[in-house]
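# Examination of the molecular architecture
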Amino acid sequence: MNQKISILSFLLFVSIEVFSQSTIKIDGFFDDWNSNIIYVDDSLDSQGVDLLDFSVCNDNENLYIRIRFNAEIDLTEQFYNPAEVMINIDADNNTNTGYFTNNIGSEYGINFFDKFIFDDTDPNFVDTLSLYDLNVIPLPTYSSDEFEIAVNRSLFSDTICISIMDKIGNDFMPDNGTVFTYVFDNCSMPNTTDIDFSKNDLNNLRLMTYNVLGNGLISNNRIDEHRRIFTSANADIITFQECGNTTYNDVLGFLNTIPLNYPYIYPDLNSGNLTISKYPSIESWQVADKIDAELIDLPDSIYSTDILILNGHPPCCSNNQGRQENFDALIQFIHDAKTIGGIIDLPINTPISFSGDMNLVGYSEQYFTVINGTISDTVTFGNGGLPDWNNTPLEDQICYFNEKEIAYTWDKGAPSAGDFPPGRLDFVFFTNSVMSVDKSFIISTEHMSPSLLVQNSLFWDDTKKASDHFPVIVDFILPTFTHTGIMDFKQELDDILIKDILGREVSRIDKNTLLFYIYNDGIVEKKIIIE
């Protein structure tokens, strides 16, 4: 056994399971939770949303807790299934200290709905702390029936007690007079593989998406930080958000101070989205009021395809309807692109990327609209459907800090009690049937080692000063002509279809005409036979 647990049961049985060791990644997904202690709650003992079970693990830095419910809730905001979840931690394993609740002496009560922490370490004074004072990170940021939470353990003894409750339903875990005692034993293995900034292959296409916060590229007190971040990323295509007052000439002025060449600038002052590229755009579209699209003409000497770049910044916060409308429009546009007619016709199997600050808080329906193409307003936007070329979901590329297995992309500057905790708001979705990812990471300088900062000419507070969001980097692997062996391999294959730029099948090969050869392994090759 790698894990030790003690339960003071008051003669009552507590259901617990123990599993083997793994690494917990705080990303809002749960397939890594197989090395943890599980407490299973009594069923149907709530007057509202039912607490089902919770799991616990830790490493040298954090305590990790996973909580499951019988229905979807929002941890930090009002929701149609109301819930107000509290985690109480007896940090010294002493019932005589702290605030007595559910048979433990709680030093810290983490109140997710009101977004603060009760500090009961002083018997004569109850203080309230920000969620950031214990580095509380709950994911996912949108509604769910399960959440994983990281809490910094530096103020805890090696043995603690944990109580979880939902105030609305008056449900507790553990219940019936039992106490859950947890002994730290580092059941989560620390990350030993850091991600550097370099490309593994120069032909990989690097995308950066970044909300620069209020026209940050022209903000005099933040422009130096943005220059360093921009240069260190050395992306081929960048999708910026919150650039509504950043003009074409403003961008030129910024780029003139950068030792990199970006000749193609596509601002949309209405949406606030700005796309910058080393390669030109063939055509532009306004997909929705907060989503723009550029069909980027990649070099034919390297790539056998172009790429559709979608840049999004749907409405924030409680505007669930506005976000849903933007994502409905996105799916309608992608299906239009995949079929002949409408406002866009893409060559079959053209890679598609959708990136930006998605503001995915509130209803999870919006996330699954992007992934699965499930349109809400079918009268206005059509029936939707799975958006990838092979009728599968889009891939959500989960990116992590370079040296930590943590995936949030936004946090509050100078936080206080009542502020929202860190969240995963910035995403890169893509059609993984025709492209893949070699490397991805989140640039957060405050979470970097001194050596990594020096390697990339960054300062420890660059991202903290530049914006409240972090840049997200993804290196795409696209079909190329120069990739080792790919031409030889393709020449041994039989082409199964030849189509023109509108996606129509052709039977005659005309010279000086762009055609797409679709091979029996799914590879697509772009050819022009010159007369």
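Look up: the structure comes first, before these words.
Residues numbered from 1 in each chain as written. Predicted model: local features only at pLDDT ≥ 70, side-chain atom pairs only at ≥ 80, totals over all residues. Heavy atoms only, no water.

Under the counting rule described, the total for this entry stands at 2 disulfides. A sulfur-sulfur distance of 1.8 Å marks the disulfide that ties C57 to C187. Here C187 lies in the loop between β16 (179–183) and β17 (205–211) and C57 lies in strand β4 (residues 51–58), a separation of 130 residues in the sequence. Judged on exposure class, the residue C57 and its partner C187 are both buried. In this model, C316 is linked to C317 through a disulfide, with the two sulfur atoms separated by 2.3 Å. Classification of the bridge connecting C316 and C317 rests on its S-S torsion, roughly 60°, and on that basis the disulfide is right-handed. Shown here for the chain is a disulfide pattern of 1-2, 3-4, where each number marks a bonded cysteine counted in sequence order. (Disulfide = S-S within 2.5 Å. Helix = DSSP H or I, 4+ residues; strand = E, 2+ residues; numbered from the N terminus. Buried < 20%, exposed > 50% of the residue type's maximum accessible area, 1.4 Å probe, protein only.)

Another aspect to go through is unusual backbone geometry. Peptide bonds are mostly trans, and most non-glycine residues show a negative phi. Looking along the chain, the bond that leaves L139 and enters P140 is cis, with omega of 5°. With respect to the secondary-structure elements, P140 resides in the loop between β12 (137–139) and β13 (144–152). Residue M173 is joined to P174 through a cis peptide bond whose omega torsion reads -10°. If you trace the backbone, P174 turns up in the loop between β15 (171–173) and β16. One non-glycine residue, L213, lies in the positive phi region at around 65°. Among the secondary structure elements, L213 is positioned in the loop between β17 and α1 (223–233). The partly exposed category is assigned to L213, whose relative accessible area is 30%.

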